[in-house]
Amino acid sequence: MHNCTQKAHAMGVPVRILDMNRTGSPTAECAHGKEVEMPKRDKQKAAVAAAKPKNVKAEKLQKAKAVRTEKAKAGKFAKPTAAKAVRPKKAEKTKKPEKVKKGADSFEPLAMTERAQLISSKVVYEGPLFRILHDKMIEPGGHINERDVIRHNGSVVIMAMDNSKSRKNPWIVIERQYRHAANQFLWELPAGKLEPGEDALAGAKRELAEETGYSARKWKPLVEYYASPGFLGESMKVFLAEGLVAGEAKPEKDERIEFRLVKLSDVLKMIDKGAILDGKTLTSALLYERLRAGKHKK
C-alpha cells in the first residue's frame, strides 16, 4: 500500500476512491489532495462492485413500495368517501293483476247483460192495472224454473217541493188516501201508473197536476227502483219537482185524495215515529235527505 494511504488508514483520515473507468490502475486521493494507487485488495473489491450488474427489478419493487407507503400516509389524513350504492337490477316487468273492485264499485247492474231465456208464457189474469203471467224459463246459470209474475207498465213518483222560503228545509207535498191492500190510510208522495208507451217525465207531470193541481218549473230524476221484484215487475221512477205553481186538481173518479205541504224536517220526524209506512215515500224522502246532507258537507 502506498505510504500516503497507509498513513491515512492509520490516522483515520478518509480516503476517496477515484473512478474505475478512468484509464490506468485505480487510485485514491489522500486528504492532502494527492492521488495514490489503491492497494491490491481494495482494487479487487472495487472491480467486483463495478462489474456486478444492477438489479433493475429490485429497484422497481423498492420504488413501488415507497409509493405505496407515501399513499398510505396521505390516506390517514384524507376525508373518507361514501361508498357508491349499488343499484339493484330492475326486475322484469310482469303483468299487473286486475284490480278487485271493492265497495259500491263491485255492484254493477247485470240486468242488461244477463237475462232469462223464456220457454213459455201464459196470461192467467188481466185487469185494468196489471196482468199476471205464468212463465217457464231458463234462468241465468242454466236452472229451469217457473214463476207467476205481475206485469205492470211502471209508475212514477213525484217529490214536489216548495223551497222559495227555505232551501235547507223545503215544504214537501204529501197525500193521505185509503189503501185497501194495506187496509188503512197512508201518507204518501204523489204517484201514479204510466199509460202504455208513455214517457216517464210526461207521466210524472200529468200525475202531479191531476192529484194536486200543482205544476213545476224544474224537474230532475232522483232514482229508479223495484218495489217488490220477487213477483212484481213494476219499475218506479222518482222525480224531483221544484218551483211549484198552484192549480186546480183533477183526480180520477175513484180517488179520494187529501194533500198538504209539510216541512222536510217534519216528514223525517213522521218517518222516525212510524207515521209513514209507504215504501216509495220512505225511499224518496230518505234518499233525498242523504244526498242533500252530503252536498252541505263538501
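Please read all numbers here as calculations on a predicted model, not as lab measurements.

Asker: Would you mind going over the sheet that holds strand 4 (residues 117–126) with me for this structure?
Answerer: Strand pairing in a sheet relies on backbone hydrogen bonds, with the paired strands running either antiparallel or parallel. Pairing is antiparallel in the open sheet, where three strands are placed in the order 4-5-6. Of all the strands in the sheet, the pair left with one neighbour each is strand 4 and strand 6 (144–151). Adjacent strand axes in the sheet meet at a mean angle of 20°, parallel and antiparallel pairs treated alike. In terms of strand pairing, strand 5 (residues 131–138) meets strand 6 through eight bridges, oriented antiparallel. Paired with I132 across the strands is I150, a residue of strand 6.

Asker: What is the right way to look at the nonpolar core in this model?
Answerer: A general tendency of soluble globular proteins is for nonpolar side chains to be buried together. If you look at the biggest cluster of nonpolar residues, it comprises 22 residues, and the most contacted ones within it are M159, I172, I174, V267 and Y288. Breaking this core down by element, the ones donating at least two residues are strand 7 (155–162), strand 8 (171–179), strand 11 (215–226), strand 12 (235–245), helix 5 (264–273) and helix 6 (279–297). It is helix 5 that provides the largest number of residues to this core, a total of five residues. Once you skip the residues sitting within four places of it in the chain, V267 turns out to touch I172, V262, I276 and A285. Of all hydrophobic cores here, the second largest spans 14 residues; its members include I158, A160, V173 and W219.

Asker: Is there a simple way to think about the pattern of salt bridges in this case?
Answerer: Two side chains with opposite charge may pair up if their charged atoms get near one another. Within the structure shown, the criterion is met by 12 salt bridges. For the salt bridge of E207 with R206, the shortest nitrogen-to-oxygen distance reads 3.0 Å. Linked through salt bridges whose partners overlap, the residues forming this network are R179, E188, D278 and K280.

Asker: Would you explain a nonpolar patch on the surface in this entry?
Answerer: A cluster of nonpolar side chains, V124, Y125, L129 and F130, forms an exposed patch at the surface whose accessible area comes to about 370 Å². Within the secondary structure, V124 is located in strand 4.

Asker: It is not clear to me how the pairing of strand 8 should be interpreted in this structure. Could you clarify?
Answerer: Along any regular strand, the residues point their side chains to alternate faces of the sheet. Of the strand pairs in this sheet, strand 7 and strand 8 are connected by two bridges, and their pairing is antiparallel. Along strand 8, the bridge assignment pairs M161 with I172. The pairing of strand 8 with strand 9 (residues 184–188) spans five bridges and is classified as antiparallel. Each bridged residue has a counterpart across the sheet, and for Y178 the counterpart in strand 9 is F185. Joining the antiparallel neighbours strand 8 and strand 9 is a turn of four residues, in which N183 adopts a positive phi near 60°.

Asker: What exactly am I supposed to notice about the packing of aromatic side chains here?
Answerer: Remark: the centre distance and the inter-plane angle together describe each pair of aromatic rings, the angle taken between the planes. Evaluated as defined, the whole model comprises three aromatic pairs. Between Y125 and F130 the ring centres are 6.0 Å apart and the planes differ by 50°, which places this aromatic pair in the tilted class. The exposure class assigned to F130 is partly exposed, which follows from its relative accessible area of 30%. For the pair Y214 and F259, a centre-to-centre distance of 6.2 Å together with 75° between the ring planes defines the contact as edge-to-face. With Y214 in the loop between helix 4 (200–212) and strand 11 and F259 in strand 13 (residues 258–263), this residue pair connects regions lying 45 residues apart in the sequence. Assessed through its relative accessible area of 16%, Y214 is described here as buried. Look at F259 and you get partly exposed, because its relative accessible area is 33%. Here the guanidinium or amino end of R176 rests over the ring plane of F185, the centre of that ring lying 4.3 Å away.

Asker: How should I be thinking about the environment of R256 in this particular structure?
Answerer: Relative to the helices and strands, R256 is located in the loop between strand 12 and strand 13. It is 7.8 Å that separates the C-alpha atoms of R256 and Y178, two residues lying 78 residues apart in sequence. Every residue in contact with R256, bar those within four places of it in the chain, is listed here: R176 and Q177.

Asker: Before we go on, may I ask you to explain helix 5 in this structure?
Answerer: A turn of α-helix holds 3.6 residues, and therefore any two residues three or four places apart point the same way. Those residues of helix 5 not exposed but buried are L264, V267, L268, M270 and I271. On an axial view of helix 5, the arc spanned by its buried residues comes to 155°, and they lie on one face. Away from its buried face by more than 90 degrees, helix 5 exposes D272 and K273. Downstream of helix 5 by a residue or two, G274 has a phi angle that is positive, lying close to 85°.

Conventions used here
Residues numbered from 1 in each chain as written. Predicted model: local features only at pLDDT ≥ 70, side-chain atom pairs only at ≥ 80, totals over all residues. Heavy atoms only, no water. Pairing = 2+ DSSP bridges. Helix = DSSP H or I, 4+ residues; strand = E, 2+ residues; numbered from the N terminus. Axes fitted to C-alpha atoms, helices over the stretch in contact; angles between N-to-C directions. Core = buried A, V, L, I, M, F, W, Y, C linked by side-chain atoms within 4.5 Å. Buried < 20%, exposed > 50% of the residue type's maximum accessible area, 1.4 Å probe, protein only. Contact = heavy atoms within 4.5 Å. Salt bridge = Lys/Arg side-chain N within 4 Å of Asp/Glu carboxyl O. Patch = residues over 30% accessible without salt bridge, like charges linked within 9 Å, V, L, I, M, F, W, Y side chains within 5 Å. Areas by Shrake-Rupley, 256 points an atom, 1.4 Å probe, with all protein chains shown as cover. Phe/Tyr/Trp six-rings, centres within 6.5 Å; stacked < 30°, edge-to-face > 60°. Lys NZ or Arg CZ within 6 Å of the ring centre and 35° of its normal. Arc of directions from axis to C-beta.

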